[in-house]
Amino acid sequence: DTALLVSWPSQCWAAMSRTALRGAWRGARSALGPSTPAWAGGRHCGVRAAAEELPWPLPARRGASSAASSSTATSETTFAILSILEEREAADAPERAPDTSSTTGRVMSSSGGLLRISVPGGVAVGGAVELPEGLGFVIRYDKHGALVALAAGKAPRNGDEVRLVGTLAAGKWPAAEGGWASFLSVPELLQTGEGRSVLSMPAMPAIPRRRPVTRRLPSGLAAAESLLPLGEGHRVAFVGPPTTGKTTAASMLIRSQAADTAIVYAAQRPRARLEQQLGPGALENPNLRVIYSDPTTDPVGARYLLPLCAMQLASRLRAEHRHVLLILDDMVALSQAAAELGSPPLGAPHVAAAALDAAGNVADAEGVRALSVVTLLDFDPDDGDLHPTLRNLWRSMEQSLDVCFNFDLRLAADGMLPAIDVEQLLACGPAPVYQAALFKRLRRELLRSLMTDRDRRERMEVGGQLGLHKEPQDQEDLGSARVARALLAHTAARPLPELAIVLTAALVYHFPQYGRKPSRTAVGGFQDAIVALVRDGYPRLWETLLDCGSLTDAQAAETLQQLGGVLLQHRFDFQLTCPER
């Protein structure tokens, strides 16, 4: 009966008088016959009572035409009638026993990790569906049934029985054993029952509870620590084409964290490959929790839920740890999984933006807790042929980022990994308050050197186009600057004392290579040699560098002067600094 009322054109309700409404309802009851419920009959039927209680004729807005006033009053009239009908039906209808059969259904079709099921009872998006040999969750529904994404196990056959089993949630992470990192796949982490749905986004912290970024986030990256240091609570992106060293940079970031930092790393790769990429240095951290989804074996639902499970785990750890680091590697895989689902409950741009917005420093009763989020994106945002799906993903994330590191494929081809493009960091603004005084001084000198090198290259390029002669000194300086820039790339995470030595060497040394590109092995060997020189040959200076974070500006200036003098004394002890004979 309620459906009958809703199906009437809204203009009819506004235009009908009270008497006409009574007649229309009598005609509807005659057409329905004996199937009309008991509550609908009698003198006080729902619509008749509604007609008695509603104001007739309907009021019109001032200055509006009769047609406009009719359409304006329609929504209010219909809402009032339906509200009264629902109240009368709930009060007069006899109590019915719950329909237990509504929790079971049948598989109508199955293809590509997606199932169409028919369930007599109600369903909800995100609800867990128990399959004969697996587990799924509802992504949408219509009058023909519900569409379910397979999250674990095997896909059922047509006609198999399925059962709704409550909410699909991310289970509790098991305790680490043996002082090593713990791994868990998405199918192993999922559980059913009551609780928060895995599709629920973490709440963004309230503005009055937010606090500024005041603590440094160790990264182990020379380019980041010198030019644009990270802070706890930052929202960071590593953006660039594949094979440019983004995962290597993420591994270095993991190895550089303090012992009290909880780390959640999410990636769509097999476990064996993840262990190889992270390396033993990262795997020896018991606070590292790796959530993974194997694209070769796991269904599309598991790959879609990977970042959502990681976000919920990081949100829980935030209540237990002072600092949590969440690394999502990478968001392009989420976009691909969402595209396979067709119309997922949450789009990839929505999930990415929610993950970034949840980061920051938040004050509670026990102090300030920080959540840092690092996302990896396997594409070049400046690519004109970028797919519209990826472009929308980038646009949803770009405005929420605090720091963005661009990785250049040309640098990777030259062996400079991680291939961070320092040209994008030259306009990085003033130094943050949490950067050490020694590195603030190195930052000023390094920015001046990099800008000078950029101006020289642009001048030589314009001169070459005009056919002007290239000075030998400019060519030699250009080659020396190329080697100095190569020192900013390294494959292993380095602490601040070692980075201070490497950066000082890049500033004080001249590398007479005459335009030749140094090999990756030569650069790495030079970095290790100058660090060993200071650590083994000058222990007092090394002890001062170990405490570089607490040096005053005057002490930092004196320490850098001593370090530069030591390096210049040994300027001919290395292959990269020896003049060609």
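What this report covers is the structure whose coordinates are included nearby.

Thresholds, definitions, all that
The numbers attached to residues start from 1 for each chain and follow its sequence in the written order. Totals for whole chains, interfaces and linings use every residue, but because this is a predicted model, local features are given only for residues with pLDDT of at least 70 and side-chain atom pairs only at 80 or more, for both listing and counting. Side-chain metrics rest on all non-hydrogen atoms present in the structure, leaving aside hydrogens and water. In this scheme Phe, Tyr and Trp rings, the latter by its six-membered ring, pair at centre separations within 6.5 Å, and the angle between planes marks the pair as stacked below 30 degrees, edge-to-face above 60, and tilted otherwise. What counts as a helix is a DSSP run of H or I of at least four residues, what counts as a strand is a run of E of at least two, and both are numbered from the N terminus. Given the number of residues in a helix, its expected span is that number minus one, multiplied by 1.5 Å. Burial classification: accessible surface area is computed with a 1.4 Å probe over protein chains only, and a residue below 20% of its type maximum counts as buried, one above 50% as exposed, and the rest as partly exposed. Contacts: residue pairs with any heavy atoms within 4.5 Å of one another. For this analysis, a nonpolar core means a set of buried residues of the types Ala, Val, Leu, Ile, Met, Phe, Trp, Tyr and Cys, connected via side-chain atoms within 4.5 Å. The directions from the helix axis to the C-beta atoms form the arc being described. Think of it this way: DSSP has to see at least two bridges between two strands before they count as a pair. Here, the term right-handed applies to a crossover whose path from the first strand over the helix to the second runs clockwise when the strands point away from the viewer.

A short note on the packing of aromatic side chains
Enumeration over the complete set of coordinates arrives at 10 aromatic pairs. Taking the centre distance of 5.8 Å and the plane angle of 65 degrees together, the rings of phenylalanine 238 and phenylalanine 405 count as edge-to-face. Of the two residues, phenylalanine 238 is situated in strand S10 (residues 235-239) and phenylalanine 405 in strand S16 (residues 403-406); the sequence distance between them amounts to 167 residues. Ring-pair connections join several aromatic residues into one group, and the members of that group are Tyr509, Phe511, Phe526 and Phe574.

Some remarks on helix H15 (residues 437-466)
Its 30 residues place the ends of H15 44 Å apart at the C-alpha level, agreeing with the 44 Å of an ideal helix rising 1.5 Å per residue. Every buried residue belonging to H15 is among Ala437, Leu438, Phe439, Leu442, Arg443, Leu446, Leu447, Leu450, Asp453, Arg456, Met460 and Gly463, and all of these are buried. Structurally, H15 contributes buried residues whose contacts are with helix H7 (222-227), helix H16 (472-486), helix H17 (496-508), helix H19 (539-546) and helix H20 (553-569). Positive backbone phi, at 80 degrees, marks glycine 467, one or two positions downstream of H15.

Observations regarding the nonpolar core
Judged by nonpolar contacts, the single largest core of 85 residues is most densely connected at Phe238, Tyr265, Ile327, Phe405, Leu438, Phe439 and Phe526. Looking at this core element by element, the count peaks at eight residues for H17. Apart from residues lying up to four places away in sequence, phenylalanine 405 is in contact with Ala224, Leu228, Leu230, Val236, Ala237, Phe238, Val239, Ile420 and Leu425. Of all hydrophobic cores here, the second largest spans 66 residues; its members include Ala128, Ile139, Ala170 and Leu199.

Structural notes on H20
Here H20 spans 25 Å end to end across 17 residues, near enough to the 24 Å set by a 1.5 Å rise per residue. Considered for burial, the residues of H20 that qualify are Ala556, Thr559, Leu560, Leu563, Gly564, Val566 and Leu567. An end-on view of H20 places all buried positions within 160 degrees of arc, on one side of the element. Across from the buried face of H20, at angles greater than 90 degrees, the exposed residues are Ala554, Gln561 and Gln569.

What to know about the pairing of strand S12 (residues 288-292)
In regular strands, side chains alternate between the two faces of the sheet. Of all five residues making up S12, five are buried, and the element is well covered by its neighbours. Of the two faces of S12, the one carrying Leu288, Val290 and Tyr292 and the one carrying Arg289 and Ile291 are both buried. In this sheet, S12 lies alongside strand S11 (residues 261-267) in parallel orientation, the contact comprising five bridges. From the neighbouring strand, tyrosine 265 faces S12, where its bridge partner is valine 290. Taken together, S11, helix H9 (residues 271-283) and S12 form a β-α-β motif whose crossover is right-handed.

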